[in-house]
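# Coordinate inspection notes
Now for the letters of each chain:
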Amino acid sequence: AQSVTQPDIHITVSEGASLELRCNYSYGATPYLFWYVQSPGQGLQLLLKYFSGDTLVQGIKGFEAEFKRSQSSFNLRKPSVHWSDAAEYFCAVGARNNAGNMLTFGGGTRLMVKP
Amino acid sequence: NAGVTQTPKFRILKIGQSMTLQCAQDMNHNYMYWYRQDPGMGLKLIYYSVGAGITDKGEVPNGYNVSRSTTEDFPLRLELAAPSQTSVYFCASNRGDRGGWDEQFFGPGTRLTVL
C-alpha cells in the first residue's frame, strides 16, 4: 500500500526567506503526486500536481515542487515566503488499489511565518 | 458558483445518536468524496462516488453509510455515533478527468464531537 511521510510537523520561517517542505512517498509504481494547502478553518486547495514529464512542476502562489524518483521525494519550495503563506501543507500520493483511485495524505506540515 | 457546501459547520452528538452530514456541489462534478481529518493527521478517505447511484468504500468506511441519488448531493450518515468518530469531515468533488486525478475541490468541513 502507498504511504506518505512529511518529516516536519512544524516549520517557522521569516517573511522573505526561502522555504522547503519535505515529502517522501512509498509506492511501487510511478505515483501521481500532489501538494495541497489548508488555511485555518478552510478546506484544502490544490497547489500543484505531478503526473509525468518534467520533474519540476510549477503551481499557484509561486510554489514549485520537484519529483525525485531516486529519493522517493516530492519536496515543495518557494523562494520568498509571504505572511499569507502561513497554513498547513499536505503532500498526497494518488494510486489505484482495491478501493479504486485513492489519495493518501501525509500528516501535514504547519508553516508559521515570522514578520 | 457556491462550489462545495457542507452543513452543519459544527455538531455535538451523544454516543449512540445518529446524524447525516450534508454535502452538495454545483459544479456538475461526477466524482464526490468524504474524508475525515483527525488532529495532527492527514485526511483519510471514508467513501467515494463516481456518479449518481454508484458508491464505494474508501480506507475507513466502518460506522458510516452514504448514498448518491443525484449528481449534486452526497450525504454521509453516521449510525450509532462513537467517540472515535470525533473528527473534522470534509466533502470534495472533481470532474473525474484523467481517471479521477484532476483537482479535487473541498468544502469548508464539519467539525463533529461525540461525547
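Data block above holds the structure.
What comes next concerns the included structure. (Residues numbered from 1 in each chain as written. Chains lettered and ligands numbered in written order. Predicted model: local features only at pLDDT ≥ 70, side-chain atom pairs only at ≥ 80, totals over all residues. Heavy atoms only, no water.)

Another aspect to go through is the pattern of salt bridges. Enumeration according to the criterion identifies nine salt bridges over all chains in this entry. The closest approach of N and O atoms between A:Asp8 and A:Arg22, which form a salt bridge, is 2.9 Å. Note that A:Asp8 is positioned in the loop between β1 (3–5) and β2 (10–14) and A:Arg22 in the loop between β3 (19–21) and β4 (24–26), a separation of 14 residues in sequence. A:Arg22 sits in the partly exposed class, given a relative accessible area of 38%. When the shortest N-O distance is used, the salt bridge between B:Glu59 and B:Lys44 registers 3.9 Å. Here B:Glu59 is found in the loop between β6 (54–57) and β7 (64–66), whereas its partner B:Lys44 is found in strand β5 (residues 43–51), with 15 residues between them in sequence. You can call B:Lys44 partly exposed: its relative accessible area is 30%. Among the charged side chains, a network of salt bridges with common partners joins A:Glu64, A:Glu66 and A:Arg77. (Salt bridge = Lys/Arg side-chain N within 4 Å of Asp/Glu carboxyl O. Helix = DSSP H or I, 4+ residues; strand = E, 2+ residues; numbered from the N terminus. Buried < 20%, exposed > 50% of the residue type's maximum accessible area, 1.4 Å probe, protein only.)

In this section: the pairing of strand β9 (residues 73–78) of chain A. Residues and elements named next belong to chain A. Most of β9 sits inside the fold, with five of its six residues counted as buried. As paired elements, β3 and β9 share three bridges and run antiparallel to each other. For Glu20, the partnering residue across the bridge sits in β9 and is Arg77. Pairing between strand β8 (residues 64–68) and β9: five bridges, direction antiparallel. In the strand pairing of β9, Phe67 is matched with Phe74. (Pairing = 2+ DSSP bridges.)

A word on the interface of chain A and chain B. Listed by partner, the interface residues are 23 residues for chain A and 20 residues for chain B. Contact between chain A and chain B buries roughly 1800 Å² in total, counting both sides, with carbon and sulfur atoms accounting for 60%. For chain A, the biggest contributors to the area lost against chain B are A:Leu44, A:Phe51 and A:Asn101; these three give 26% of the whole. Taken together, chain A and chain B are joined by zero salt bridges. The interface formed by chain A and chain B includes two residue pairs in polar contact (both at pLDDT 80 or more). Breaking the side of chain A that touches chain B down by element, the ones donating at least two residues are β5 (32–38), β6 (44–50), β10 (87–97) and β11 (100–105) of chain A. With five residues, β11(A) is the largest single contributor of residues to the side of chain A that touches chain B. (Contact = heavy atoms within 4.5 Å. Buried area = accessible area lost by both parts, 1.4 Å probe. Polar contact = N/O pair within 3.5 Å; in protein donor to acceptor, adjacent residues only side chain to side chain.)

Residues and elements named next belong to chain B. Pairing within the open sheet is antiparallel, and its four strands lie in the order β1-β3-β8-β7. Of all the strands in the sheet, the pair left with one neighbour each is β1 (4–7) and β7. Between one strand axis and the next, the sheet turns by 20° as a mean value, whatever way the strands run. The pairing of strand β3 (residues 19–25) with strand β8 (residues 76–78) spans three bridges and is antiparallel. Among the inter-strand pairings, Leu21 is bridged to a residue of β8, identified as Leu76. (Axes fitted to C-alpha atoms, helices over the stretch in contact; angles between N-to-C directions.)

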